[in-house]
Each structure stands twice: as C-alpha cells, then as structure tokens.
Amino acid sequence: MQQHRHHHAILIIMLMHMLIINTATTNANGTTREIAIGVILDLKSSVGKVSKICIEMALRDFYQTHNNYTTKIVLHFCDSKNDRVEAANAAIQLIKDFKVSAIIGPQRSSETNFVVDIGNKSRVPILSLATTPSLSPKENPYFIRISRTSSSQAQPISALIHSFPWREVVLVYQDGDFGTGFIPSLSEALLNVNVQIKHPIVISPLASDDDISNDLRDMKKRQTRVFVVHLLPKLASRFFKKAKQAGMMQEEYAWIITDVVTNLLHTVDTESMQGVVGVKPHIPISDDLKRFKERFKRSHSSQVINVYGLWSYDATYALAMALERVGSATTFDFQQQKQQPVTDLDAIGTSKLGERLLPEMRKTKHKGLTGDFSLVDRSDSSYEIVNIVGHEDKSIYLWKNEKLTNISNETAIRWPGGSNQPPRGWEIPEGKLTVGYPDMGGYREFIHKDTNETKPKGFCVEVFEAVMKKLSLPLPPSYNYIPFRIEKKTSGSYDTLVEQIYHKKYDVVIGDVTIRADRSSFVDFTLPYTESGVSMIIPIKKDDRKNAWVFMRPLETQLWFTTCAFFIYTGVVVWVLEHRVNKEFRGRPYKQVGMIFWFSFSTLVFAHKEKMISNLSRFVVIVWVFVVLVLQSSYIASLTSILTVEQLQPDFTDIHDLIRQGDKVGHKEGSFVAQMLKDMGFQDDKLVGYDGLQDYNNALSNRSVSAIFDELPYLNLFLASHCNKYIMVGPTYKSAGFGFAFPKGSPLLPLVSKALLQVTENELNNITDKWLRPKRDCSEQDMVSRSGRLSLDSFLGLFLIAGVSSTCALIIYLFIFLYENKDMLLSDGSIRQKLSAIATTFNQEKQEESKQAPTDDDDNNLLVIEDIMNNPPPTPEHHHQASDDDESEATPGHDVVEESRH
C-alpha cells in the first residue's frame, strides 16, 4: 500500500513538471502577446516618482499572480517635465513610435487637457490623475479618471465649516484651471449650509513673496478669519510661511486646506502650518495595503508613499485585467488614413484595440489597495478631516454618506496658537467699527449732532449703544461715528446712505433707516426696533354746534327719506286694516287722510290713542313701534354726542381724493416714501420734500400741502406736539420699521439682533420715554376719521322686518276680504262694475262687529269671524252710497264704542 502511494505521488509531480514545461514552451514559442502601454509623468516630482514605482510594482504583482495570462504589458515611460507641450509631444511619440494601446498619465490637469485631445482622435484611452472637474469623461470618451475630482471634497469642507458658527469664509486659490475649477462646487456646497465666500484671493503660481504678503495684509483687514486654501504644495508652503510672519497663524484664525496639500504633506513646511485643518481621501486599512507599504518602504526608503501612487497601482492592475480579456482576439495595429497625412497626428491613425478595450476597462472592478476600485464609478468619496500637529496629520473626523463622525479619541481640534476653543470666525478689523448715520437736522429726537459734541445723540443712538453693550463678546467693540448729509439740493438720500456699506465706506449704518426689500439686496438688516407703517396726517376742523339745523345731522339723508316713507306706508296699512271695523278710521276723506298721517307719526313719540280692533293691525303696530323705539334711541344718542362732545374731524379721509383733485402732499426729504407715493399715482410735481417736523407744521398751516405722508414713528412724534390741529387718517401702509444695516453676511448681525431683542424687552421703553413720548397729554383727542352720522345700512334689517310684516298683514286682509265678496267677482257685470261694487263694500262699516268689538276686547277676533260667517255681504242690487251725514248719525254700535272708551 505504501508503495502504491509513493508511485502516485511521483506521477503527480511528473505531470506538474510537464505542465510547467509546456507553459514555458508555449511562452517561448511567442504565444504570449506583449502590449505596449505608455506612461507620462513628471519624473522629478514626488507624485511622478512614487506613481512610476507603484505602476511597476503593480505589473510584477499582477503577473506573479496570473502567470498563465496570454498578454503582457510592456511599459514605455516619458517625462513630461512639468510642461504641457512636452506631455503632448510625449503622447504623440508613444502612439506613433510604440503603438501604445493606452496611456497612464499625465498627472496634472493642464497637461491632461492636451493629451486627452490626442487620445480622443487616435482612440487611445488616457488614464489620468487629473482632478479638475472641467475634464469630463462624458465629453471626452477616451479619458478615464483614476483619481478623485477636486469638486468631491467640497461637501466635506462645507460640512466641517457648518459644524462651527461660521457664516463667512475667504477662499484663497491658485490661478489657472486647478484653482478655478474648484470654485463652483465649493460655492454651491457652502451656499447650501448658508455660508458665503467673501473676498476671494487669487494667487498666481509666479507670485513673489511680496505679492503674497500684500494679499495677506488685505486679508487681515477684513472681518472674516476663516480661510479655505486651495494651492499646490509648493505655493502653499510659501503662502503659510508668509502667513506666519504676518501674525495670522495665531488664535482666532482658522485655516482649512484641500487634499492636494494633505496628500503630499511631507513636501511642505509643516512648522508654519500648526493648527491647520484639512481634508484628504479616506483609504480603508487592509492587510494588503499594510504589506504593500512595508515592501515599498524596504525597497524605496527615500520615497514616501502617497494616495496618487496607490491609485496608479490599482489602475494599472485593472488595465492588465481588461487587456487580457480583449488582447488574445484583437489586433494591436493602427488603422491609417487613406489620404496623405499632413502632421504626425494624422500619421498616427486610430487604434483598432481602443474601441474594444474602452468598454472592458469601464466594466473592470477589483479589490485594490484603496478598496473597491473601478475605472468608472469614483463616487466613493469618503474623506478624513485631519489636524496638522507637529509633523503629522491627525485624523479627527470621517465624512462618509454625507455625515461627519468622530474617529479620534481627541474630541477637540488644536487650532492655530495652540487653543482648543474654536475660533469665532471673525474680528472687527483694526479694532473699530465705522458707523454711518444720517445728518438731517430736522428730526432731532431720532438722531442729531450738536456742533460742540463729538458724537450724535437721540433715540436711535441710545438704542444702538445699548445693543453694543449687550453683545456676547469678551469686550464690546469700539466705533467711530461718521455723518452722511442728506439735503434737498444734493443727491444724498437714505438709499445712498445704505449703499455706502456696499462700497465699504461704513461697517454699519444706524439712525432712522427703514428696512426695505430693495435695500436688502446689498445689505442685511437687524430686527426692527420701532413700529412699522406709513400713514398720512391732515388738518382737522371742529364741528359747528350752533348750526340751526344741527338736529338733522344724526341721520343721513337716505335714512331720513326711508324713515318718512315707512311712516306713511305703515299708516296706510293700518288704515286699510281698521277702516271697516273701527269708527275712528272712518268719516270724510280729508279726515281719513289726516288719520293716516296722525296715527303713523304719533307713534314717533308714542302719542297714538286710537284703539286697534283688528289683530292684523295690532301686529303691524307692535312691530312698527319696536322699529320706532330703536330709531328714536339711536337718534337721541347721536344728537347727544354731537351737542355735548367736541369732535375733531378731517376734511377728507381717502387718498384717492387727493390724487383726483391734484392736491400737493408732503413727505420726508430723502425717504422711500416719495417713491411709494409715485407708485400710488401721485405726479412728481405734486410731491414736496421737507427737512423736519416743524416744516410739516408750517406747510399744513399755510395750506402749501393738503396732507403729509410719513412713517408712524415720525407722525406719532409730530402729533404729540400738535394733537389739536392735525389728525392721522386713512389706511396704514405696511413697512418693516427701523433697523441697523450691516454688510451682507456680516458675522456681527446675529449677535446684534439677539442683543436687540434683550434691549427691546428691558430698556427700550425707558429710551422711548426719554425721546419720543408726548410732552403734553393728547389722550382726549378723538381720532375718529369718519362721520358719526347714522346711515341707512345700519337699519336695513329693521326696515326689512317692518316692511315684510306690514305687507304680509295687508295681503292676508285683502285675501280674506276678496274671499268674502267672491260673489261680486263671479257676477256677470263688467270689471268696472265689479271694482265699484267691491269699493263700495269696503267703504261700508261692519255694524255688528263695530258694536260688539268695544265691549269685549278678548273675544274681538271671534266676533269678527262670526259676523263674517253669519252676515254674508249684500248683493250689488242692495248697495247704496253712504252720505256724508252718516258720520253724524248716532248708532247703537257707535254709542257702545264711545261708552267703552270713556
């Protein structure tokens, strides 16, 4: 058994030996195809040296692992010498002389721009380390990015800035494609977290030390103390040396660098960069990566591995895999053009392999040194936030999946100057604020400056100084006041004053400056600290209470006519209802007409003494008496008010009356109110500007203008001294009130607004009492801006009830009367005869009802109904005309009525 096993082992060894010999023979016979690949790098740079080493190590590792592959890459290196023309020339030579199937490199964006065009024309894939976003694989199909685009680090930088209370940053970037390509992505990312880029600084690659120092001095004069630096390592090293000399690497400064410096930190002077924070790509730690770094360090101790070398390693590995899949069945030749070539580029032709190699490369994915590596999807843009301390960069945070997480035992960043407290992000330049204020002269209570004073005084000044004392700063800022003259004959206005902030003349503007939407386009305002709105004041006149017709004033004309009409209508209805059954509503025609007016108007003073017989008339009278009671009470109350209370009334209350009549109106000189009035429809020649409150009084007194339009704080102050002469009328047009103006994005603004709230709650009332409260009591002024006369609209409901009640009662009576006399309506006579008979019947008295009704008021209605049922109306043949003498004839029924009345 042991012998058989021994023979089997020998047989296996022989078979393996034969297989190895066969493979070697196959390779010796030339079945392994060599594929030329070009490499263009700046071989004198750190990135170029390390990338060259990593590319060579990648091929050795790949073919040691895949020794049975039928393709083999042969590298051809060219030095670009940090020159775009050299890089382009190298690409042409590689394709023309060596027929390369792909090119790895160049490493810089400026060089890649030239080489990519050559690759697109010759259909040779270009695998480049270029990071500029302007190079897009979508626009350049044969361009393959093996690094990360610089725009991918904008999100982690914005997340870092957003984690601190910073709202402004200064971007320092290098002139050229490298720098400008980064600006749009960073601006958008910062805008999403409400952070602005202020005063970007462009530094030329050829800038001298003096140029850099001048830029740093300008930066130091600004408020912002947070800087994002996007410079290549060589220029960045010079920049930070000068920043340290300028005293800008101390406390309260924050510096953030991009990955191009953190990836090559060993190439810069870190002594001048202590406390700087940066971002760099996150490379997961793996066993393969650790072993590779150990091998690299053993064989190339003079070099320091960087992420660009790792990406070059993974890209070379992926390229070898793709070539193996297409190399055995594809020709590597170039197809020449049929026409005579003019240049070397025309003589190259197009690669037959490129069309098949490109899609295979895009499909290639493998587990590389940098993690899951793909030549297409470079979306895994996780970054580390590092802090430069000593000669190392310590990882503090990890940004992944749009989240910032702590990955260090040290929770605090060590900032410039050695402080662990985050910088505030801004400082007052040169220690003082320049405060602008309007110098008008006519509004002293709000702000003014006396000739012998060094600073202004007034309501607005005291509010501002109280706010400055409340700021949550170690020391309150100091400030200088600078006036801005606003006059009629100059172009100066409040809009011009606010614009001075945009032109860097003032750091803040105070005073009676109204918050306006158009002004907010170039400045930011604090919260308002005064009431808002625009209204108008006009002269008032007292009522003449000695007028002989003053008793007519309580009711408007329409109400007078309507009331009289209803008096007459109610009297007619009651006469119709009572005429046949009530002796007091009978008699000669003139007597009956007089009764109608007497009865209805006597209800005005409740003097009617006639007794109602019909229930319908009683219902009508009850409703009407209620209406008269309400009218009478309202009339008495209004007349009492007119005769006993001194009312102040305006000449008019509608702004459209002013526009229609072409009256002139006044406003504050330099105010936005003038433009607002133009928008309402006033002509330019109808607007008059005034410099102060006393000018308002003079203009209204001598009738130079019919009204003054201004903001409520001014009008209230004006009325406090002239409450018996003028009145505020009309609608109030909304505005935002007074506020302090700051530059756009000023870091002081949120602190000032917060302090302003504290002052508003605690101190504003005292400041208002000191400057703006009335000097005398005007609380008894009646600010009623409409007439106190009673209108018809107020009583429409009452008249509707009275009219419906009377009309319904009249309709019911007529229906019953016509029903009782239906025989007349159905007779054969003419219409004229029928109407005459009905009129005659209506004029006849109901004798028995008349006799019985007065003796028993409770059964009056039953007696009327019984009389209707038992005594049908006479036929037309028996009707006769009652003589006028019937009125004087005594009847038993009439005696009963008179007896019961007495």
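So, a few notes on the structure that sits alongside this text. What you are looking at is a predicted structure, and each value in this text was computed from that prediction instead of being measured.

1. Things to note about the overall build of the protein chain
A count of helical and extended segments in the protein chain gives 31 helices and 29 strands. The contacts of the protein chain with a sequence gap of at least 6 include a subset with a gap of at least 24, amounting to 73%. Split by element, the accessible area of the protein chain, about 45,300 Å² in all, is 53% carbon and sulfur.

2. So, the nonpolar core
Counting 77 residues, the largest nonpolar core has Phe239 and Trp255 as its most contacted members. Per-element accounting of this core gives the leading share, 14 residues, to helix 12 (residues 307–327). Other than its neighbours up to four places away in sequence, Trp255 contacts Leu216, Met219, Phe227, Val229, Phe239, Phe240, Ala243, Met248, Met249, Val276, Val277 and Pro416.

3. Looking at the environment of Ile428
For Ile428, the position within the fold is in the loop between strand 18 (403–406) and strand 19 (432–439). Overall, the relative accessible area of 14% leaves Ile428 in the buried class. The sequence separation of Ile428 and Asp507 amounts to 79 residues, and the corresponding C-alpha distance is 9.4 Å. Among residues more than four places away in sequence, those in contact with Ile428 are Leu433 and Pro477.

4. Here we look at the pattern of salt bridges
The tally for this structure, following the rule as stated, stands at 22 salt bridges. The partner of Arg291 in a salt bridge is Asp288, and the shortest N-O contact between them spans 2.5 Å. A residue pair is termed a helical-turn pair when its members lie 3 or 4 positions apart in one helix, as Arg291 and Asp288 do in helix 11 (residues 287–299) at three residues. On the basis of relative accessibility, which here comes to 44%, the residue Asp288 falls in the partly exposed class.

5. What about the packing of helix 2 (residues 46–65) against helix 11?
Running from N to C, helix 2 and helix 11 cross one another at 120 degrees; their axes reach a closest spacing of 12 Å. The element helix 2 and its partner helix 11 pack so that their crossing is right-handed. Where helix 2 approaches helix 11, its residues Val50, Ile53, Cys54, Met57 and Asp61 are matched on the opposing element by Phe292, Arg295 and Phe296. Residue classes in the contact of helix 2 with helix 11 are distributed as six nonpolar, no polar and two charged.

6. Brief notes about the packing of helix 19 (residues 615–644) against helix 26 (residues 796–820)
Running from amino to carboxyl end, helix 19 crosses helix 26 at an angle of 170 degrees, the nearest separation of the two axes being 9 Å. Comparing the axis directions of helix 19 and helix 26 gives the class roughly antiparallel. Taken as a pair, helix 19 and helix 26 cross one another with a handedness that is left-handed. Facing Leu616, Phe619, Val620, Val623, Trp624, Phe626, Val627, Val630 and Leu631 of helix 19, the residues of helix 26 in contact are Leu798, Phe799, Ile801, Ala802, Ser805, Ser806, Ala809, Ile812 and Tyr813. Partitioned by chemical class, the residues of the contact of helix 19 with helix 26 number 16 nonpolar, two polar and no charged.

7. A few points about a positive patch on the surface
A surface patch of positive charge is lined by Arg217, Lys221, Arg222 and Lys504. Relative to the assigned elements, Arg222 resides in the loop between helix 8 (209–221) and strand 9 (226–230). On the accessibility criterion, Arg222 (31% relative accessible area) is partly exposed.

8. Concerning the pairing of strand 15 (residues 371–374)
Successive residues of a regular strand alternate their side chains across the two faces of the sheet. Pairing geometry for strand 14 (residues 365–368) and strand 15, over four bridges, is antiparallel. Its bridge partner being in strand 15, Lys367 is matched across the sheet by Asp372. Between the end of strand 14 and the start of strand 15, which pair antiparallel, lie two residues.

9. Observations regarding helix 8
Between its terminal C-alpha atoms helix 8 stretches 19 Å, which fits the 18 Å expected from 13 residues at 1.5 Å a residue. Of all the residues in helix 8, the buried ones are Ile212, Ser213, Asp215, Leu216 and Met219. What you see down the axis of helix 8 is that its buried residues fit within an arc of 160 degrees, all on one side. More than 90 degrees from the buried face of helix 8, the exposed residues found are Asp210 and Lys221. Contacts from the buried residues of helix 8 go to strand 6 (168–174), strand 8 (201–203), strand 9, helix 9 (233–245) and strand 10 (254–257).

10. Observations regarding the environment of Ala130
With respect to the helices and strands, the residue Ala130 is situated in the loop between strand 4 (126–128) and strand 5 (143–145). Looking at Ala130, the relative accessible area reads 0%, which means it is buried. Through-space distance from the C-alpha of Ala130 to that of Arg148 is 8.2 Å; in sequence the pair is 18 residues apart. Other than its neighbours up to four places away in sequence, Ala130 contacts Pro106, Gln107, Arg108, Ser109, Thr112, Leu135, Arg145 and Ser147.

11. Here we look at helix 11
At 3.6 residues per turn, the α-helix brings residues three or four places apart onto the same side. When the terminal C-alpha atoms of helix 11 are compared, their 19 Å separation across 13 residues agrees well with the 18 Å that a helix rising 1.5 Å per residue should span. For helix 11, every residue scored as buried is listed here: Leu289, Phe292 and Phe296. Each buried residue of helix 11 sits inside an arc of 65 degrees when the element is viewed along its axis, so together they form one side. Of the exposed residues in helix 11, those oriented more than 90 degrees away from the buried face are Asp287, Lys297 and Arg298.

The rules behind the values
Residues numbered from 1 in each chain as written. Predicted model: local features only at pLDDT ≥ 70, side-chain atom pairs only at ≥ 80, totals over all residues. Heavy atoms only, no water. Helix = DSSP H or I, 4+ residues; strand = E, 2+ residues; numbered from the N terminus. Contact = heavy atoms within 4.5 Å. Areas by Shrake-Rupley, 256 points an atom, 1.4 Å probe, with all protein chains shown as cover. Core = buried A, V, L, I, M, F, W, Y, C linked by side-chain atoms within 4.5 Å. Buried < 20%, exposed > 50% of the residue type's maximum accessible area, 1.4 Å probe, protein only. Salt bridge = Lys/Arg side-chain N within 4 Å of Asp/Glu carboxyl O. Axes fitted to C-alpha atoms, helices over the stretch in contact; angles between N-to-C directions. Left-handed = near helix turned anticlockwise from the far one by under 90°. Nonpolar A, V, L, I, M, F, W, Y, C, P; charged D, E, K, R; others polar. Parallel < 35°, antiparallel > 145°, perpendicular 65-115°, else oblique. Patch = residues over 30% accessible without salt bridge, like charges linked within 9 Å, V, L, I, M, F, W, Y side chains within 5 Å. Lys, Arg positive; Asp, Glu negative; His and termini not counted. Charge placed at Lys NZ, Arg CZ, Asp CG, Glu CD. Pairing = 2+ DSSP bridges. Expected span 1.5 Å × (residues − 1). Arc of directions from axis to C-beta.

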